[in-house]
Amino acid sequence: MTSQADFFFYGGNIITMDENNPSAEALAVKGDNIQAVGKFDEVFTSVGPTTEVIYLNHQTLLPGFIEPHQHATMMVMKRALFVDISGYNYRTYEKVKEVMTIEIAELVKQNASALPWGRFFGWDPELIPNMPKLSADFLDEEFSRDIPVAIVGQSGHVAWVNHKAFEIAGVEDSIENEHGGVFVKDEDGHLTGQLFEDPAITRVLGASPKPTPEELESAVWDQWKDYSARGFTTVTDLGYMRNKHIDPLLEAISLNDTCPVRLALYRIVHGPENEAALANRKKTECCLRLIPNDEGSTARSADGEEGPTFSPNPKLWEAGVKVVADGSPHCGSAAVREPFLNSNLTETLGFPPAPCYGNLNYSTQDLLDTVKFFHQQGTQIAIHAHGERAIDQVIGVYEQVLNESEEPKDMRHRVEHLGLCTVDDIVRSAKLNLALSFFVCHLYFYAKSYTEHIFGAERTNRWTPLSEATKHGLRWSIHQDHATFPGPPLPFANLKTAVTRAHRDDKDTIYGPEYCVSIHEAMKAVTIDAAWQIHKDDILGSLTKNKRADLLILSKNPYEVDPFELEEIKVLETFTDGRRNELNKTYPVNFPGGTVMMYAKESSERKGMDGPVKSMKRKGGSSPMRQERKTAKSKRH
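Residues numbered from 1 in each chain as written. Predicted model: local features only at pLDDT ≥ 70, side-chain atom pairs only at ≥ 80, totals over all residues. Heavy atoms only, no water.

S.K.: Account for the packing of helix α11 (residues 364-376) against helix α12 (residues 388-404), with residues named and values stated.
M.R.: For the pair α11 and α12, the least separation of the axes is 9 Å and the interaxial angle reads 45°. In terms of axis orientation, α11 runs oblique to α12. Between α11 and α12 the crossing geometry is right-handed. Contact with α11, carried on its side by Thr364, Leu367, Leu368, Val371, Lys372 and His375, involves Gln393, Val394, Val397, Tyr398, Gln400, Val401, Leu402 and Glu404 of α12 and no other residues of that element. Classifying every residue of the contact of α11 with α12 gives eight nonpolar, four polar and two charged. (Axes fitted to C-alpha atoms, helices over the stretch in contact; angles between N-to-C directions. Helix = DSSP H or I, 4+ residues; strand = E, 2+ residues; numbered from the N terminus. Parallel < 35°, antiparallel > 145°, perpendicular 65-115°, else oblique. Left-handed = near helix turned anticlockwise from the far one by under 90°. Contact = heavy atoms within 4.5 Å. Nonpolar A, V, L, I, M, F, W, Y, C, P; charged D, E, K, R; others polar.)

S.K.: Before we move on, could you go through the side chain of Arg267 and cite the residues and values that matter?
M.R.: With respect to the helices, strands and loops of the structure, Arg267 is situated in strand β14 (residues 262-268). Owing to a relative accessible area of 5%, Arg267 belongs among the buried residues under this scheme. When near neighbours in sequence (up to four residues on either side) are disregarded, Arg267 contacts Tyr240, Arg242, Glu273, Glu318, Gly320, Val321 and Lys322. (Buried < 20%, exposed > 50% of the residue type's maximum accessible area, 1.4 Å probe, protein only.)

S.K.: Tell me what's going on with the packing of aromatic side chains, and back it up with residues and numbers.
M.R.: All told, the structure shown has 30 aromatic pairs when counted by the stated rule. Considering the side-chain rings of Tyr446 and Tyr450, the 6.1 Å spacing of their centres and the 20° angle between planes classify their relative orientation as stacked. Of this pair, Tyr446 and Tyr450 are both found in helix α14 (residues 442-454), four residues apart, which corresponds to roughly one turn of the helix. For the pair formed by Tyr446 and Tyr450, the shared burial category is buried. One aromatic cluster is present, formed by Tyr88, Phe340, Phe351, Phe439, Tyr444, Phe445, Tyr446, Tyr450, Phe455, Trp463 and Phe485 through successive ring pairs. The ring centre of Trp317 lies 4.7 Å from the NZ or CZ of Lys536, which sits over that ring. (Phe/Tyr/Trp six-rings, centres within 6.5 Å; stacked < 30°, edge-to-face > 60°. Lys NZ or Arg CZ within 6 Å of the ring centre and 35° of its normal.)

S.K.: Which residues make up the pairing of strand β18 (residues 435-438), and what values do they have?
M.R.: Burial along β18 is two-sided: the face carrying Ala435 and Ser437 and the face carrying Leu436 and Phe438 are both buried. One ladder, built from four bridges, connects strand β17 (residues 414-417) with β18; its direction is parallel. The partner of Glu416 across the bridge, within β18, is Ser437. For β18 and strand β19 (residues 476-478), the ladder comprises three bridges, and the chain directions are parallel. Within β19, the position partnered with Leu436 by the bridge is Trp476. (Pairing = 2+ DSSP bridges.)

S.K.: Any details on the side chain of Asp506? Residues and values, ideally.
M.R.: Here Asp506 shows up in strand β21 (residues 506-510). For the buried Asp506, no salt bridge is present, and the opposite-charge side chain at shortest range is Lys448, 4.6 Å distant. Within polar-contact distance, the side chain of Asp506 engages the backbone nitrogen of Asp508 at 3.1 Å. (Lys, Arg positive; Asp, Glu negative; His and termini not counted. Salt bridge = Lys/Arg side-chain N within 4 Å of Asp/Glu carboxyl O. Polar contact = N/O pair within 3.5 Å; in protein donor to acceptor, adjacent residues only side chain to side chain.)

S.K.: For unusual backbone geometry, give the residues involved together with the corresponding values.
M.R.: Leaving glycine out, the prevailing phi sign among residues is negative, and the prevailing peptide bond configuration is trans. A cis amide bond, omega -5°, links Ala354 with the succeeding residue Pro355. With respect to the helices and strands, the residue Pro355 is situated in the loop between α10 (344-349) and α11. Cis geometry is found at the peptide bond from His482 to Ala483, where omega equals 20°. Topologically, Ala483 is positioned in the loop between β19 and α17 (491-500). For Arg412, which is not glycine, the phi dihedral falls at a positive 55°. By the secondary structure assignment, Arg412 is in the loop between α12 and β17. Using a relative accessible area of 12% as the deciding quantity, one classes Arg412 as buried.

Quick look at the structure:
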């Protein structure tokens, strides 16, 4: 006898992302798992007197989205500490200046025991025209000489501070660059206020006030709920560093029954974790963290630290390690073959002097030693590589390590971003079965600035050649890399860009149309193939019997809408481990034979309904909607 289901879904588009059973008429959930999925009559046998029957109202049920490359803990710190000034929210410098001026004025009024800081994130001259060139002198004159002011660029690889910030942080003109961090100085040796990469940025911002434990906990919950509200049930952090203050909080929240998302962590490393390497290695750190410790700088895990500072569980675990092979295309540090364009915009963004080719963060031997060490430990590796030189270096290292391996392992080693990836890179990756995660959504915001000011048309058009990855049989994913990307996570903008390769403000210009992919390939990239990349395709990524009941209910079917209208799709609900995350209310509807719960198609349909709707249980053993059952049956014949 089939045990009674907790939930029974029917009456909509059920898209499973399971190639063996791509669509279904009904789905049942029992506890944490999917109990049954398939034809209405077969799945309906699991319905009992206390099963909550949910009529989808002709809307769409999918597996929960998986975001394969975020900086989730950085999103938390941004939420807790910074005022957002990104080009997602603002279109003019005048508005950005107004927001900053109001914030600084409010800070000056405070009677705080410690000097308040004006901290802003998302400075983006690529999206906001006529942005001024920043410097410590400019920030002093434009905003404040009396309190520290710090602005972090949208890429996360560059920042600017005023003189007061240098003073409070104890940073003087004599400071030396180290570990990849750069304190930019003028020709006379004076600090200009510009900072490159994490060691320099956090050397200054680490002196700023830290969030209270209560503020931090609130920020984590708010961020996790935001991920859920946008359709994600699993998120990865590709910039994790062990932290004795943050990790216990992440663990406590992950163990709470109401935690809406899973979090997979990829720990930043800088080389092999053995004593000889630690003694002789000079670290290069290029992943902005924004996580302060008690000592007033950024808490970085020491290489070789023993074990994680939390106990892993199904919603929180270390999935692998992360290495950063080069920098960002937004500040001229991605390791490119041809120089970046030299333009007024690149000067405003703070690019190094022309000709600028970016930087490789590691010698090939150092990178080889790192990959070989973690591969031999059986640890999955993810490597950030944007420019052609970095991508070539990374794939070459993987080739050597994997070809020398005595016994093949299903490691699914990853390459991240792949902005200027070539077709040859794809072919080489396919031979190694690498897992590629593409940052195609750059085109959504930056295609125009890339074409006109940074790369030129040829390189912009071949940005992230997704269709080539499909052609050569690779399982790839797409991501958005927040917080170093404008706005909140936008999965439907990501899907739209993969399918259309268009800028958000211009659907008529397609950048590299030969590299567009189908909506099905794009959907796989945020569900089953993303699950495969994090070694969780056995339990996540598709609506398959006995997999985790991580579900997503959408207002429209992504397969049926115009690709340029994908962003109009609304997230109605997510379920994690079979638990409703309560993004929207259901309401009872009576049918012959029983009562079902139903999601409205639009929130406007439910105006005037106040308070939570009590769970309405199906009565008796008959179908809650006989006519629906007959209709489903007739369609099959």
